[in-house]
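Okay, here's what each chain looks like letter by letter:
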Amino acid sequence: MVPIFPQFNPADTLSSVGNGPPITVYFQPINTVQAHRIKDAKEAPAGIRDEMQAMVQELRDESRALWKQLEDESRALRKQLEDENRAFRKQLEEEVGARKALEEAMEDLRQMVLIITPLHLRALLDRARKRILVILDFGGTWEDLANHQKTEARLVSHICANVVQLEREVVRFVCSNTNVRRLGNIAAHKATKEDIEKAVKTHVEQVTAKERVLLEQLFDFTFGTIQ
């Protein structure tokens, strides 16, 4: 039987035994008939069968390793996507919560402005009355002055005759019991000049446009703009 070798190189030679001249032996490759007879590893010679089995095992090992690598990468990618999805949902929930908290804070601030602004306007009326008392050199309270003049009309006329810086309508506004005064309370006396100025410029539904003009004139009178 002709030996079967997996590879053939015409340059391969085999030297003769002893001192004789070298004998060149060409190794023949597997011919078509021989290759056809080797239907599977069982029919192959022992050397080739072992080599084929080793190659098959190597392919199996590489396939398993590649499959495991793909599974690991897929698992890692799936975990990364799940983590990013959880982080995104958490961030979205935090943003929704922050937006809701901001809206609530803005509403609280709006309500506070609606409450504080009338107090500051009330403070303006009170301080305007105090300055009128100083100009009149009246030693008592505003109530004492009102009682002394008997009626609101006489009180207005008395002030207009002695406090020339104010128009009659402004004086009437100071003397009357307006919504601005009714909305105020004791906190009005703690308001600063800046608070009052901001209140004068802030829109409040209870204060009409006409009253706001009068309040602006009172502010100028009370804090020295009008001498």
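In case you missed it, the structure is sitting above this.
Please read all numbers here as calculations on a predicted model, not as lab measurements.

### Remarks on the packing of aromatic side chains
When we look at a pair of aromatic rings, we describe it by the centre distance and by the angle of the planes. Counted by the stated rule, this structure contains 1 aromatic pair. Where Phe219 meets Phe223, the ring centres are 4.8 Å apart and the plane angle is 45°; that geometry is what we call tilted.

### Here's the deal with the packing of helix 4 (residues 152-162) against helix 5 (residues 168-175)
Packing of helix 4 against helix 5 brings their axes to within 9 Å, and their N-to-C directions diverge by 130°. As summarised for this structure, helix 4 and helix 5 are arranged oblique, according to the angle between their axes. In terms of crossing hand, the pair formed by helix 4 and helix 5 is right-handed. Of the residues in helix 5, those in contact with Glu152, Leu155, Val156, Ser157, Ile159 and Cys160 of helix 4 are Arg168, Val171, Arg172 and Cys175. Split into classes, the residues belonging to the contact of helix 4 with helix 5 amount to 6 nonpolar, 1 polar and 3 charged.

### Some remarks on the state of the cysteines
Summed over all chains, the structure comprises 0 disulfides. Summary of cysteine pairing: Cys160 is not part of a disulfide, and the nearest cysteine sulfur, belonging to Cys175, is at 7.8 Å. A residue is classified by how much of its surface remains accessible, and Cys175, at 10% relative accessible area, is buried.

### So, the packing of helix 7 (residues 193-201) against helix 8 (residues 209-222)
Remark: helix 7 packs on helix 8, axes separated minimally by 9 Å, with the N-to-C direction vectors making an angle of 155°. Judged by the inter-axis angle, helix 7 sits roughly antiparallel to helix 8. Considering the relative orientation of helix 7 and helix 8, their crossing is left-handed. Between helix 7, through Lys193, Ile196, Glu197, Ala199, Val200 and Lys201, and helix 8, the contact on the second element is made entirely by Arg212, Leu215, Glu216 and Phe219.

### Some details on the pattern of salt bridges
Within the structure shown, the criterion is met by 7 salt bridges. Note that Arg75 is salt-bridged to Asp72, the shortest N-O span being 3.0 Å. In this pair, Arg75 and Asp72 are both assigned in helix 2 (residues 46-136), 3 residues apart and thus about one turn of the helix distant. Note that Asp83 and Lys79 form a salt bridge whose closest N and O atoms lie 3.0 Å from each other. In this pair, Asp83 and Lys79 both sit in helix 2, 4 residues apart, roughly one turn of the helix. Here the residues in one salt-bridge network are Lys68, Asp72 and Arg75, joined through shared partners.

### Notes on unusual backbone geometry
Here Asp137, not a glycine, exhibits a phi torsion of approximately 55°, which is positive. In this fold, Asp137 is placed in the loop between helix 2 and helix 3 (142-149). On the basis of relative accessible area, Asp137 is assigned to the exposed category, the value being 69%. Look at Lys150: it is not a glycine, yet its phi comes out positive at around 75°. Mapped onto the secondary structure, Lys150 falls in the loop between helix 3 and helix 4.

Rules used in this analysis
- Residues numbered from 1 in each chain as written.
- Predicted model: local features only at pLDDT ≥ 70, side-chain atom pairs only at ≥ 80, totals over all residues.
- Heavy atoms only, no water.
- Phe/Tyr/Trp six-rings, centres within 6.5 Å; stacked < 30°, edge-to-face > 60°.
- Axes fitted to C-alpha atoms, helices over the stretch in contact; angles between N-to-C directions.
- Helix = DSSP H or I, 4+ residues; strand = E, 2+ residues; numbered from the N terminus.
- Parallel < 35°, antiparallel > 145°, perpendicular 65-115°, else oblique.
- Left-handed = near helix turned anticlockwise from the far one by under 90°.
- Contact = heavy atoms within 4.5 Å.
- Nonpolar A, V, L, I, M, F, W, Y, C, P; charged D, E, K, R; others polar.
- Disulfide = S-S within 2.5 Å.
- Buried < 20%, exposed > 50% of the residue type's maximum accessible area, 1.4 Å probe, protein only.
- Salt bridge = Lys/Arg side-chain N within 4 Å of Asp/Glu carboxyl O.

Note that all results are geometric; they support no functional claim without further evidence.
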